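Here are the chains, one letter per residue:
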Amino acid sequence: MSYARVVTVHAQAGKVDEVVKIYHDSIVPAIKQQQGFQGARLFVDRANNKGVSVTRWDSKADLEATEASGIYQAQIAKLAGLLAGAPERETFEIAVEDE
């Protein structure tokens, strides 16, 4: 059973492109190295300076291991100077997936 971590962030005004660049160039390569990683997507609402990251994992244990090891926190720290507030993090079981 696969799991997803959904993280919602609010960027400071005019910083969405910087968030996207860091996500693409630094965060995704780092999390790709983690056991159980299946993929990542970043959705943005530029008008509202909002981003939603969805990462998919082989198991809940794999997802939780990235938090226990500090990998998740290290990636969020890369965005610290660009965010207007703390990220909101949620975990979901993936019930249907069709690609």
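Think of each chain on its own: its residues are numbered from 1, step by step along the sequence as written. In view of the model being predicted, local features appear only for residues whose pLDDT reaches at least 70, and side-chain atom pairs are presented and counted only at 80 or more, with totals across whole chains, interfaces and linings using the full set of residues. To get the side-chain values, all heavy atoms of the structure are used, and hydrogens and water are removed first.

### Some remarks on helix α1 (residues 16–32)
Heads up, the rule is: Strands here mean DSSP runs of E at least two residues long; helices mean DSSP runs of H or I at least four residues long; both are numbered from the N terminus. Residue count minus one, scaled by 1.5 Å, sets the expected span of a helix. Bend at a residue means the angle formed by two fitted axes: the first through the 7 residues ending at that position, the second through the 7 residues beginning there. Whether a residue is buried, partly exposed or exposed follows from its accessible area with a 1.4 Å probe, protein chains only, as a fraction of its type maximum: under 20%, in between, or over 50%, in that order. Any two residues whose heavy atoms approach within 4.5 Å are treated as being in contact.
In this model, α1 (17 residues) spans 22 Å end to end at C-alpha, consistent with the 24 Å of a helix rising 1.5 Å per residue. The sharpest bend along α1 comes to roughly 40 degrees, located at Y23. Along α1, the positions that sit buried rather than exposed are V16, V19, Y23, I27, V28 and I31. Turning to α1, the residues buried within the fold contact β2 (37–45), β3 (50–57) and α3 (71–77).

### Brief notes about unusual backbone geometry
Unusually for a residue other than glycine, N49 sits at a positive phi of about 55 degrees. Mapped onto the elements of the fold, N49 is located in the loop between β2 and β3.

### Considerations on the pattern of salt bridges
Think of it this way: side chains of opposite charge can pair up when their charged atoms draw near. In plain terms, the rule: A side-chain nitrogen of Lys or Arg and a carboxyl oxygen of Asp or Glu constitute a salt bridge if their distance falls within 4 Å.
For the structure on display, the rule yields six salt bridges. A salt bridge links R46 to D17, with the shortest nitrogen-to-oxygen separation between them at 2.3 Å. Of this pair, R46 sits in the loop between β2 and β3 while D17 sits in helix α1, and the two are 29 residues apart along the sequence. Note on D17: relative accessible area 52%, which makes it exposed. Connected through salt bridges with shared partners, the residues R5, E67 and R89 form a single ionic network.

### Concerning the sheet that holds strand β1 (residues 3–10)
Heads up, the condition is: The pairing criterion is simple: DSSP has to find at least two bridges between the two strands. All axes are obtained by fitting lines to C-alpha atoms, using only the stretch in contact for helices, and the reported angles, taken between N-to-C directions, cover 0 to 180 degrees.
Pairing is antiparallel across the open sheet formed by four strands, whose spatial order is β2-β3-β1-β4. At either end of the open sheet lies a strand with only one pairing partner, and these are β2 and β4 (88–93). Going across the sheet, the axis of each strand differs from the next one's by a mean of 15 degrees, ignoring polarity. Both β1 and β4 contribute to a ladder of six bridges, which runs antiparallel. Opposite A4, over in β4, you have F92 as the bridge partner. Here α1 sits on the sheet and contacts β2 and β3; the angle it forms with β2, its principal contact strand, is near 175 degrees. Running over the sheet, helix α2 (residues 60–68) touches β1, β3 and β4 and is turned about 40 degrees from β1.

### Details of the packing of aromatic side chains
Stated formally: By convention, a stacked pair of Phe, Tyr or Trp rings (six-membered ring in the case of Trp) has centres within 6.5 Å and planes under 30 degrees apart, an edge-to-face pair has planes over 60 apart, and any other such pair is tilted.
On inspection of all chains with the given rule, the structure shows one aromatic pair. Geometrically, the ring pair formed by F37 and W57 is edge-to-face, given 5.4 Å between the ring centres and 75 degrees between the ring planes. With F37 in strand β2 and W57 in strand β3, this pair connects stretches of sequence that are 20 residues apart.

### Description of the side chain of T8
With respect to the helices and strands, T8 occurs in strand β1. Under the relative-accessibility criterion, T8 is labelled buried at 12%. Among all residues touching T8, those that are not within four sequence positions of it are K50, G51, V52, P87 and E88.

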